[in-house]
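Read off the chains here:
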Amino acid sequence: MLTSIFLPEPTQWQLERVEVGDQSLVIKLLTTSTQAVCPYCATSSERAHSYYWRQPADLPCFGYRVKLNLQVRRFFCDNDQCTYTTFAERIPKVIAPHARRTARLIDQQQAIAFTAGGETGARLMAQLGMPGSPDNLLRIIRDTPEPVVTTPRVLGVDDWAIRKGQSYGTILVDLEKQQPVDLLPERSAEAFAAWLKAHPGVEIISRDRASDYIKGATDGAPEATQVADRWHLLKNLREAIERYLDRDQPCLKAAADKEPVARPEPTTPELQLPEPSQPDEPEPDEEPAQSGQLTKAQQDKLARRTKRLARYEAVLELQQYGLTNNEIARRLNMDPHTVARYLKTEHCPLYPEGRTRPSKLDPYRDYISQRWQAGCHNATEIWRELGHLGFTGSRGLVAQWAARQRQQLRSSQSEPPPPKVAPWAPSRAAWLFVKPPTDLAPEDQAALARMIQTSDKAALVYHLGQQFVAMIHDRQPEALVPWLTAVFESGVGALTRLAKGIQQDFQAVEAALSLPWSNGQTEGQVNRLKLIKRQMYGRAKFDLLRKRVLQSVA
Ligand SMILES: [Zn+2]
């Protein structure tokens, strides 16, 4: 009964014993068959010669690593014609000759190898209680036979980066079966043409508008219909509009005009202290959950601010008792200027602690405040003047003071100065030209309307762009020639260049407007390839990458 769980061929095996070790199980199994077939001459034999033990690793079980202890017999071959006198019985459903893992363990490791790759797969296997290293998994990938691929009728072709910006490969996809059929280590007309010649029968080739694939398809499969990819056509249009907008700055400035100005977000709101008028609110550092989320530096800062808040409140309290500023300063051991400033502000000031320590600047504060009010905001200038009055401190001390004044000035201004409006980037603006107007957010619709109003030319570019998009979306091959004519008459350089390119590739573009095929599926396969490549930490050997991309289980 148990044997049926442990082995794929329960009738041939008898469970002898299960030894439970520290972290492993050893399952001892004996064969029950009385005969075996010689693998060299296919003659059946019942004459046992001897037996030996094999100990392959097997599937883990209940968190234990599992080893089988298999009794395997040798038989005499009684066929006189056979070159062998004895042979070991074959148990292909359990284990291959000379293998150290059972067939079903290799099956699972194959799935792990193709799904997770060598490094990640080996870490996963360690967790699962399976033996094996990254190299084992890579060998499994290399040893797995390639899936048999029939030549597709409809082929998608695209490039992918082997090393971005340096070298590119080619991916070929069966667009009907939606699966990759091959990976080429280069992006060249020759390589693509050679593949097509070796795989005759492709009827339709969907490709982008790169000249390599046009030439490769024309040379390798001259009979096949070429289809320009619609997504790439739309991309070409957007790039053409981008080039136009790059030279139409008034249009880009109009897009940015009257945009609602975003108010800057208050910084580090979790450090804002409760206002003195709300004494019932707990202080932030009394909430362990909150202070637990702060870094050490933030906690220190918070502690200093809490201390300052306590002193601020003490100043207010003493003032209630009618004490003068100097008396308050003396009682709290504070700088009288600080007391004065605390009493002037409505909230506890939140600038650095160092401000309240005695400073060489203290005797000159009235003077420098006057100078500041009078409009002299140059720290060096003030420092020189102080020197004449006997100040011996550094220029840096004055500069720090000036910086704090500026900071205070900024924070006291209720409205931040409106940021200078920068023109839109051409790429951002171009998107509005090619999207359906109904898909645009209201503010984008408004920006688009402002851009179109800047000139007749901008309006014309928008009009031609939308015509092109509609032609592709609604598959209107009959609209292609009138559109090209309109572009040539418009005199818009960027669009004229696009139209010339389309004219040179006219049949494929017309096919794109008539046939249902596009490279969306190919792009999806390129994304899958990128994912696999990332799993291989970018240092994928081409043969391994190709195996994994072509393997359908992954
Ligand atoms: Zn034989």
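Residues numbered from 1 in each chain as written. Predicted model: local features only at pLDDT ≥ 70, side-chain atom pairs only at ≥ 80, totals over all residues. Heavy atoms only, no water.

> Is there a simple way to explain the pairing of strand β12 (residues 204–207) in this structure?
The two faces of the sheet receive side chains in turn, since in a regular strand these alternate between them. Here β12 shows no split at all, with Ile 204 and Ser 206 on one side and Ile 205 and Arg 207 on the other all buried. One ladder, built from three bridges, connects strand β9 (residues 154–163) with β12; its direction is parallel. The residue of β12 that forms the bridge with Gly 156 is Ser 206. Here β12 pairs with strand β13 (residues 225–228) via four bridges, running parallel. Across the sheet, residue Ile 204 finds its bridge partner in β13, namely Thr 225. For the handedness criterion, the β-α-β arrangement of β12, helix α6 (residues 211–220) and β13 is classed as right-handed. (Buried < 20%, exposed > 50% of the residue type's maximum accessible area, 1.4 Å probe, protein only. Helix = DSSP H or I, 4+ residues; strand = E, 2+ residues; numbered from the N terminus. Pairing = 2+ DSSP bridges. Right-handed = clockwise from strand over helix to strand, strands pointing away.)

> Help me out: how do you make sense of the coordination of the zinc ion in this one?
Angles between donor atoms at a metal ideally measure 109.5 degrees for a four-coordinate tetrahedral arrangement and either 90 or 180 degrees for a six-coordinate octahedral one. Donor atoms from the polypeptide that coordinate the zinc ion comprise Cys 38 (SG), Cys 41 (SG), Cys 77 (SG) and Cys 82 (SG), at 2.2 to 2.4 Å from the metal. Here the zinc ion binds four donor atoms, and the angle range of 96 to 117 degrees at the metal identifies the geometry as tetrahedral. Along the chain, the residues that donate to the zinc ion are spaced as C-x2-C-x35-C-x4-C. (Donors = N, O, S within 2.8 Å, 3.2 Å for Na, K, Ca; no water. Tetrahedral: all angles 85-135°; square planar, octahedral: opposite > 155°, others 65-115°.)

> I would appreciate a short explanation of unusual backbone geometry in the present structure.
The bulk of non-glycine residues show a negative phi, and the bulk of peptide bonds are trans. You will see that His 98, though not glycine, has its phi angle at about 70 degrees, which is positive. For His 98, the position within the fold is in the loop between β8 (86–88) and α2 (103–116). Its relative accessible area of 78% is what places His 98 among the exposed residues.

> Honestly, the pattern of salt bridges in this entry has me stumped. Any pointers?
Side chains carrying opposite charge are able to pair once their charged atoms draw close together. Going through the model one piece at a time under the given rule, you end up with 16 salt bridges. A salt bridge links Arg 47 to Asp 78; the nearest nitrogen and oxygen atoms lie 2.9 Å apart. Pair noted here: Arg 47 is in the loop between β4 (44–45) and β5 (48–54) and Asp 78 is in the loop between β7 (64–76) and β8, with a separation of 31 residues, a long-range link. For Arg 47, a relative accessible area of 44% translates into the label partly exposed. Relative accessible area serves as the criterion here: at 45%, Asp 78 is assigned to the partly exposed category. Salt bridges sharing partners connect three or more residues here, namely Glu 146, Asp 182 and Arg 546. (Salt bridge = Lys/Arg side-chain N within 4 Å of Asp/Glu carboxyl O.)

As far as function goes, none of this settles anything; it's purely spatial.
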